[in-house]
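For reference, the chains in residue letters:
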Amino acid sequence: MTAALSVLSPTPAVLEGLPLAIDRDEVLRFQGYKKDVDVPTPQVLAIFEEALAIGRRFIAPRVVYRAIAVTGGGADRLDAGGERLHVPQISRLWGSIEAVGAGICTVGEALEAEVRRLFDAREFPLAVMLDSVGSAAVESLAEYANDLLCQAGLHAGTKVTNRISPGYAGWDTAEQAALFRLCPGDPIGVHLNDACFMTPVKSISWLVGIGAEARVDHYFTQCARCWMRDCTYRRAPARATVHR
Ligand code: SF4
């Protein structure tokens, strides 16, 4: 199914059954551990392994994605699909782009239901660890989608930037509503409430820039975390924190 992804898909494309890696360090980071500083105890690692096994049963990765032509813009502004997005310094960060790719990904509702069940059963350490497994899983999924779009872009003769998300780097969370109008979450069961929070909670919405002259790697070196082992366009060796 992933091979069918078009970086310029004009209609919402749904991807399911994606391979998903959940990195232990990433999960522990959500638990407040600092890599190479805080050493988890054997008990913590045992809880992680148990939560990971449970998580794998409940995680259902899904992505919806759509590309929209850019119709205007400015130093801090992008116009596309009848929406005006106010993203600080986006012109400097992404350079010249021809389209934006709007996407939403989720690991689904079932994991959250299991977290609630564990809390109700007073299995607090396991519940909190499972919640962190879900957070790491959806981050990994968003990274995977970014990698996939980069590769799809290369096949189409264009470039894809790092992803950005409402609520980060000065982009107002309220513009998540505009992002959902560009790419509705309904096909993968993700909904937005009036406060611009998504359900299921373990969901991420994002935007990438697309264009032959687009500036890739504005935020981090995508290749360093990319799962595409045999990519002939690789710009940097993989030193993944997200292992696939
Ligand atoms: S290795 Fe680099 S160039 Fe190749 S798909 Fe991954 S991010 Fe893109």
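Summarised in this report is the structure supplied together with it. (Residues numbered from 1 in each chain as written. Predicted model: local features only at pLDDT ≥ 70, side-chain atom pairs only at ≥ 80, totals over all residues. Heavy atoms only, no water.)

## A word on the pattern of salt bridges
The test is simple: One speaks of a salt bridge when a side-chain nitrogen belonging to Lys or Arg is within 4 Å of a carboxyl oxygen belonging to Asp or Glu. Each helix is a run of DSSP H or I of at least 4 residues and each strand a run of E of at least 2, with the numbering of both proceeding from the N terminus. Exposed residues in this analysis have more than 50% of their type's maximum accessible area, buried residues have under 20%, and partly exposed residues fall in between, with area computed by a 1.4 Å probe over protein chains only.
For the coordinates displayed, the defined rule picks out eleven salt bridges. The closest approach of N and O atoms between Glu-83 and Arg-181, which form a salt bridge, is 2.8 Å. Within this pair, whereas Glu-83 is found in strand β4 (residues 83-86), its partner Arg-181 is found in helix α6 (residues 176-182), the two being separated by 98 residues in sequence. Residue Lys-202 is joined to Asp-131 by a salt bridge in which the shortest nitrogen-to-oxygen separation is 3.1 Å. Residue Lys-202 is located in the loop between β8 (198-199) and β9 (203-211), and its partner Asp-131 is located in helix α5 (residues 124-155); the two are separated by 71 residues in the primary sequence. You can call Lys-202 buried: its relative accessible area is 9%. Each of the salt bridges in this network shares a partner with another, and the network as a whole consists of Glu-139, Glu-143, Arg-163 and Arg-225.

## Some thoughts on the pairing of strand β2 (residues 62-74)
Definition in use: Two strands make a pair as long as DSSP finds a minimum of two bridges between them.
Where strand β1 (residues 13-16) meets β2, four bridges bridge the pair, whose relative direction is antiparallel. For Val-14, the partnering residue across the bridge sits in β2 and is Val-64. As defined by bridge partners, β2 adjoins strand β3 (residues 77-80) across four bridges and the pair is classed as antiparallel. By the bridge assignment for β3, Val-70 is matched with Ala-80. Counting the residues between successive antiparallel strands, the hairpin from β2 to β3 contains two residues.

## With respect to the site of the ligand
We apply this condition: Think of it this way: one heavy atom of a residue within 4 Å of a molecule or strand is enough to make that residue near it. Classes in brief: Ala, Val, Leu, Ile, Met, Phe, Trp, Tyr, Cys and Pro nonpolar; Asp, Glu, Lys and Arg charged; the others, Gly included, polar.
Taken together, Asp-147, Cys-150, Gln-151, Leu-154, Gln-222, Cys-223, Cys-226, Met-228, Cys-231, Tyr-233, Arg-234 and Arg-235 form the complete shell of residues around the ligand. Residues of the shell around the ligand, tallied by class, amount to seven nonpolar, two polar and three charged.

## Thoughts on the side chain of Ser-9
Put simply, the rule is: Side-chain atoms alone can form a polar contact between residues adjacent in sequence; in general such a contact is a pair of N or O atoms within 3.5 Å, and within protein one must be able to donate a hydrogen while the other accepts it. Two residues form a contact once any of their heavy atoms are found within 4.5 Å.
If you trace the backbone, Ser-9 turns up in the segment before β1. A polar atom in the side chain of Ser-9 sits 2.6 Å from the backbone oxygen of Thr-11. Those residues within four positions of Ser-9 in sequence are excluded, and the remaining contacts are Tyr-65, Arg-66 and Ala-67.

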